[in-house]
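Coordinate inspection notes
Here is how the chains run, residue by residue.
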Amino acid sequence: MSHVVSGDAINCERETDIGSDVEWISIAELVLRGSPRSAGEDADHALALAELEPEAELPPIVVQRGTNRVIDGMHRVRAAQLRGERAIRARYFDGDDAGAFVLAVRLNVRHGLPLSLADRKSAVLRILSEHPGWSNRAVAEVVGLSPKTVGALRGQCGAPVAEVRIGRDGRVRPVSAASGRERAREILLRDPTSSLRTVSAAAGVSPGTVRAVRMQLNEQATALIPEQRAAEQRAASPKQNPDPRRARGATPRPAGPDRTGAMLRALRSDPSLRFNESGRLLLSVLAVAEMDARTRERLIGDLPDHCVEFVAELAEASGQAWQELAKRLAERRCAAAGSK
């Protein structure tokens, strides 16, 4: 998937990532650029801060560690300069420039002199360019705009299209609900016994969506059962299948890869197997029938030398068990045919 962003990235620019220690820093060492305010600081607001309780210390500003760029508190810096002060209290943020910008927007939206509408829209464009995987709601929470406005700006700016987006809660969700449902469907077809939460996490959809997909598959399987049974009866009928070995109940020829896959898919979609313990056990052990020559060679090549003897003995025992199972099933098929 393109533009996949870590689930932790959405939370990395929050106030909790600002150091708790307050330090004095020389104003001359500060970098006063890169503010989300396109028009710069408001002189009247800085003057009002300077004249407000002149003897009181200004609240700490937020500075990016390593660059000394002011993330939050530009007006307080100007106010300190107007007071003639040479140092100001600060807390440090450990993060990159993209994270520092998001934090600057978030803090300037929530307190102090609010950002203008134009500045917030401009911030949306930059955040989308640096975090294309963030959802509209996640960006909207940062800039103080509606998700609808963010979505419109996303369409206008031609931001890279991500297959998934990171929500406000840090969870990854597919942009297209259809693609998420299709992934859930594929997982359930491979392993019908998977839990809702397991499939939800793997497909990036809600457990409710997984439940709906599972119900749809069950309905489709239920509708196919009469047709499958009719096909089985036609295959077992001497008129439809003149193979004398099958008529006598002999073990049929081994199925080819295509037929094996088709039979396994049919069994996995059968509710009579999926919803009881014995059926689920059978489906899990039948999966070995899908093993192709390449997979067998890889298993053999990767097997440690000290395990070869044990695995060979177990494989031989397993083969004998399957032969006995095939024999018993053939006997049951003959008995069922004779009773008709």
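Each remark here, short or long, concerns the structure printed above.
An account of the accompanying structure is given in this report. (Residues numbered from 1 in each chain as written. Predicted model: local features only at pLDDT ≥ 70, side-chain atom pairs only at ≥ 80, totals over all residues. Heavy atoms only, no water.)

**Looking at the sheet that holds strand β2 (residues 61-64)**
Sheet architecture is open: four strands sit in the order β1-β4-β2-β3, paired in mixed fashion. Looking along the sheet, the strands with just one partner apiece sit at the ends: β1 (23-26) and β3 (70-72). Strand-to-strand twist in this sheet, taken as the mean axis angle between neighbours without regard to direction, amounts to 55 degrees. (Pairing = 2+ DSSP bridges. Helix = DSSP H or I, 4+ residues; strand = E, 2+ residues; numbered from the N terminus. Axes fitted to C-alpha atoms, helices over the stretch in contact; angles between N-to-C directions.)

**Some thoughts on the packing of helix α4 (residues 117-130) against helix α6 (residues 147-157)**
Relative to each other, α4 and α6 sit at 60 degrees, their axes nearing to 10 Å. Between α4 and α6, the crossing angle belongs to the class labelled oblique. Here α4 runs over α6; the crossing is right-handed. Along the contact surface, α4 presents K121, V124, L125 and L128, while α6 presents T149, V150, L153, R154 and C157. Along the lines of polarity and charge, the residues of the contact of α4 with α6 split into six nonpolar, one polar and two charged. (Parallel < 35°, antiparallel > 145°, perpendicular 65-115°, else oblique. Left-handed = near helix turned anticlockwise from the far one by under 90°. Contact = heavy atoms within 4.5 Å. Nonpolar A, V, L, I, M, F, W, Y, C, P; charged D, E, K, R; others polar.)

**Some remarks on the layout of surface pockets**
Looking at the second largest pocket, its volume works out to about 300 Å³. As for the second largest pocket, its lining consists of M291, R296, L299, I300, L303, V308, V311, A312, L314 and A315. Going through the elements one at a time, α14 (293-302) and α15 (308-338) are the ones with two or more residues in the lining of the second largest pocket. Top element by residues in the lining of the second largest pocket is α15. It accounts for five residues. (1 Å grid on protein atoms, 1.4 Å probe; cavity = no way out; pocket = protein on both sides within 12 Å on 5 of 7 lines; lining within 4 Å. Points joined across faces, edges and corners; volume = space filled by probe spheres on them.)

**Brief notes about the packing of helix α3 (residues 97-110) against helix α5 (residues 136-143)**
The geometry of α3 relative to α5 is characterised by a closest axis approach of 7 Å and an angle of 60 degrees between their N-to-C directions. With respect to α5, the element α3 is oriented oblique. For the pair α3 and α5, contact is made by V102, V105, R106 and V109 and by E141, V142 and V143, respectively.

**Overview of the packing of aromatic side chains**
According to the stated counting rule, one finds zero aromatic pairs in the structure shown. The ring centre of F101 lies 4.0 Å from the NZ or CZ of R126, which sits over that ring. (Phe/Tyr/Trp six-rings, centres within 6.5 Å; stacked < 30°, edge-to-face > 60°. Lys NZ or Arg CZ within 6 Å of the ring centre and 35° of its normal.)

**Structural notes on the nonpolar core**
Residues V105, V124, I127, W134, V139, V142 and V143 are the most contacted members of the largest nonpolar core, which totals 17 residues. Residue assignment for this core shows that the elements contributing at least two residues are α3, α4, α5 and α6. Of all the elements, α5 adds the most residues to this core, at five residues. If we ignore the near neighbours within four places in the chain, the residues touching V139 are V124, I127, L128, W134 and V150. Ranked by size, the runner-up nonpolar core spans 15 residues in total, among them I25, A80, I88 and Y92. (Core = buried A, V, L, I, M, F, W, Y, C linked by side-chain atoms within 4.5 Å. Buried < 20%, exposed > 50% of the residue type's maximum accessible area, 1.4 Å probe, protein only.)

**Concerning unusual backbone geometry**
Residues other than glycine seldom take positive phi values, yet N68 does so here, at roughly 65 degrees. Relative to the helices and strands, N68 resides in the loop between β2 and β3. Residue class for N68 comes out buried when judged on its relative accessible area of 18%.

**Things to note about the environment of N108**
Within the secondary structure, N108 sits in helix α3. Each C-alpha atom, one on N108 and one on V142, is 9.7 Å from the other, the two residues being 34 residues apart in sequence. Non-local contacts of N108, meaning those with residues more than four positions away in its chain, are made with P36, R37, I71, D72, L113, P114 and L115.

**As for the pairing of strand β4 (residues 87-93)**
As a general feature of sheets, a regular strand has side chains that alternate between the two faces. Here four bridges tie β1 to β4, and the two strands are oriented antiparallel to one another. Bridge pairing in β4 places E23 opposite A90.

**Structural notes on the environment of V199**
Take V199: it is sitting in helix α8 (residues 196-203). On the accessibility criterion, V199 (1% relative accessible area) is buried.

**A few points about the pattern of salt bridges**
If you walk through the whole model with that rule in mind, you get six salt bridges. Across the pair R89 and E57 runs a salt bridge, and its minimum N-O distance is 3.5 Å. Of this pair, R89 sits in strand β4 while E57 is found in the loop between α1 (43-51) and β2, placing the two residues 32 residues apart along the sequence. Relative accessible area serves as the criterion here: at 53%, E57 is assigned to the exposed category. Among the salt bridges present, the one from D94 reaches R65, with a minimum N-O distance of 2.7 Å. Separated by 29 residues along the polypeptide, D94 in the loop between β4 and α3 and R65 in the loop between β2 and β3 bring together distant segments of the chain. (Salt bridge = Lys/Arg side-chain N within 4 Å of Asp/Glu carboxyl O.)

Any link to function would need more than the numbers given here.
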